[in-house]
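Given next are the chains, with one letter for each unit.
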Amino acid sequence: MTFLVLLLVLWFEKFSALRQRLQRDGFFRSELARLERNGKSHPWWVLAILVLLPVALLALLTHVLEPVAYGLLALPVHLLVLIYSLGRGDVKASLGPFRDAWRRGDEQAAVHVAERDLGVTGDSAQSLLERVQGHLLWQAYQSFFAVIFWYVLLGPAAALAYRLLALTAEHARHPALQERAQQLRHAFDWAPVRVLGVSFALVGNFLAVSRVMLHELLNWNITAARLIATVGQVAGEMPASAAAGPEGLVGLDSLWELLLRSAVLWYACFALWTVLG
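Quick caveat, the model's predicted, so the values are computed rather than measured. (Residues numbered from 1 in each chain as written. Predicted model: local features only at pLDDT ≥ 70, side-chain atom pairs only at ≥ 80, totals over all residues. Heavy atoms only, no water.)

Caption draft 1: Structural detail: the side chain of Q142. One can find Q142 in helix α9 (residues 125-154). For Q142, a relative accessible area of 7% puts it in the buried group. Among the polar contacts listed, one links the side chain of Q142 to the side chain of Q139, at a separation of 2.9 Å. With residues near it in sequence (within four places) discarded, Q142 still touches V147, Y162, R163 and R185. (Helix = DSSP H or I, 4+ residues; strand = E, 2+ residues; numbered from the N terminus. Buried < 20%, exposed > 50% of the residue type's maximum accessible area, 1.4 Å probe, protein only. Polar contact = N/O pair within 3.5 Å; in protein donor to acceptor, adjacent residues only side chain to side chain. Contact = heavy atoms within 4.5 Å.)

Structure (structure tokens):
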């Protein structure tokens with residue numbers, strides 16, 4: 001059933017607006033704000049309410065439904081939870097205004113839209129472009145690859161836990177709560193970001209990625225965003241030119257193709273695992 005759900009997610013992502021209708025975080029954010037306003041709750045207690053409780057209820061629900069009707073009742077639950085657990089927004093579409101400005105050679109407009117739409121700044125054209133490339137890699141990873149990794153490994157409860165931790169880390173205002181959520185998310189990111197790095201080696205520049213991965217494979221302190229940006233840029237063999245203009249977008253296109261090839265590789269591995277299992 002797992003591989004069927006993964007295929008259905010791609011279908012709904014491409015041909016349906018279900019993701020936009022389903023990914024409503026208003027209730028979660030209001031509960032987060034209410035608990036933070038209370039001021040008396042320990043950060044771990046808030047995480048238990050916002051993350052552990054819904055994850056435990058989902059795990060119990062799927063445990064009850066999976067033996068019924070050969071798992072057919074559990075299928076829509078898996079599908080809806082996985083779609084909800086994917087990242088927010090369209091990663092590629094969010095780059096549209098930046099790409100338009102960069103293609104025109106308008107660096108001032110590119111700087112403005114990168115800060116407005118992507119939250120990315122840079123001291124020079126080179127650093128700005130590199131950070132936009134890193135943003136693309138990180139958003140694609142945390143929106144898709146990390147979620148399906150945990151879904152395949154541990155089921156929908158793990159995928160939901162990852163997204164709820166990400167939402168808490170992003171929207172929490174209490175420093176202690178935000179720090180705890182980031183620590184847990186860092187632990188969740190440790191394995192999938194390295195698996196994706198190995199995937200980049202297989203579909204990109206193997207030798208360049210291997211040199212980076214050998215140094216950082218067991219490094220607990222490096223963040224997932226920094227690791228995936230570094231590995232992705234060497235795997236995609238970024239062009240030296242960073243001047244605004246059409247040539248500067250070649251690197252972004254190469255990274256997107258690298259991500260697509262990695263996704264195909266993951267799905268092929270999942271299919272093989274399903275057949276052999």
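Now, onward.
Caption draft 2: Representation of the packing of aromatic side chains within the structure. In the structure shown here, the tally under the stated rule is 14 aromatic pairs. What links up through ring pairs into an aromatic cluster is the set F3, F144, F145, F149, W150, Y162, F188, W266, Y267 and F270. Between K14 and the ring centre of F15, over which it is positioned, the NZ or CZ distance is 5.9 Å. (Phe/Tyr/Trp six-rings, centres within 6.5 Å; stacked < 30°, edge-to-face > 60°. Lys NZ or Arg CZ within 6 Å of the ring centre and 35° of its normal.)

Caption draft 3: Fine view of the pattern of salt bridges. Considering all chains together, one arrives at eight salt bridges under this definition. Here R34 ties to E31 by a salt bridge, and the two come within 2.9 Å at their closest N and O atoms. Here the residue R34 and the residue E31 both occupy positions in helix α3 (residues 26-38), the gap between them amounting to three residues, near one helical turn. Owing to a relative accessible area of 41%, R34 belongs among the partly exposed residues under this scheme. (Salt bridge = Lys/Arg side-chain N within 4 Å of Asp/Glu carboxyl O.)

Caption draft 4: Representation of helix α5 (residues 74-85) within the structure. Here α5 is twelve residues long and its end C-alpha atoms lie 16 Å apart, about the 16 Å a rise of 1.5 Å per residue gives. The buried fraction of α5 is high, at ten of twelve residues. For α5, the complete set of buried residues consists of A74, L75, V77, H78, L79, V81, L82, I83, Y84 and S85. Each element contacted by the buried residues of α5 is listed here: α1 (2-15), α2 (18-22), α4 (43-65), α9 and α10 (156-171). (Expected span 1.5 Å × (residues − 1).)

Caption draft 5: Quick look at helix α7 (residues 96-104). Within α7, burial applies to F98, R99, A101 and W102. One side of α7 carries all its buried residues, which in axial view fall inside an arc of 165°. As for α7, its buried residues are in contact with α8 (107-118), α9 and α14 (250-276). Downstream of α7 by a residue or two, G105 has a phi angle that is positive, lying close to 80°. (Arc of directions from axis to C-beta.)

Caption draft 6: Up close: the environment of I222. Tracing the sequence through the fold places I222 in the loop between α12 (206-216) and α13 (224-235). Considering only alpha carbons, one finds I222 and L32, 190 residues apart in sequence, at a separation of 28 Å. What I222 contacts, discounting residues up to four positions off in sequence, is H186, R194, E216 and L227.

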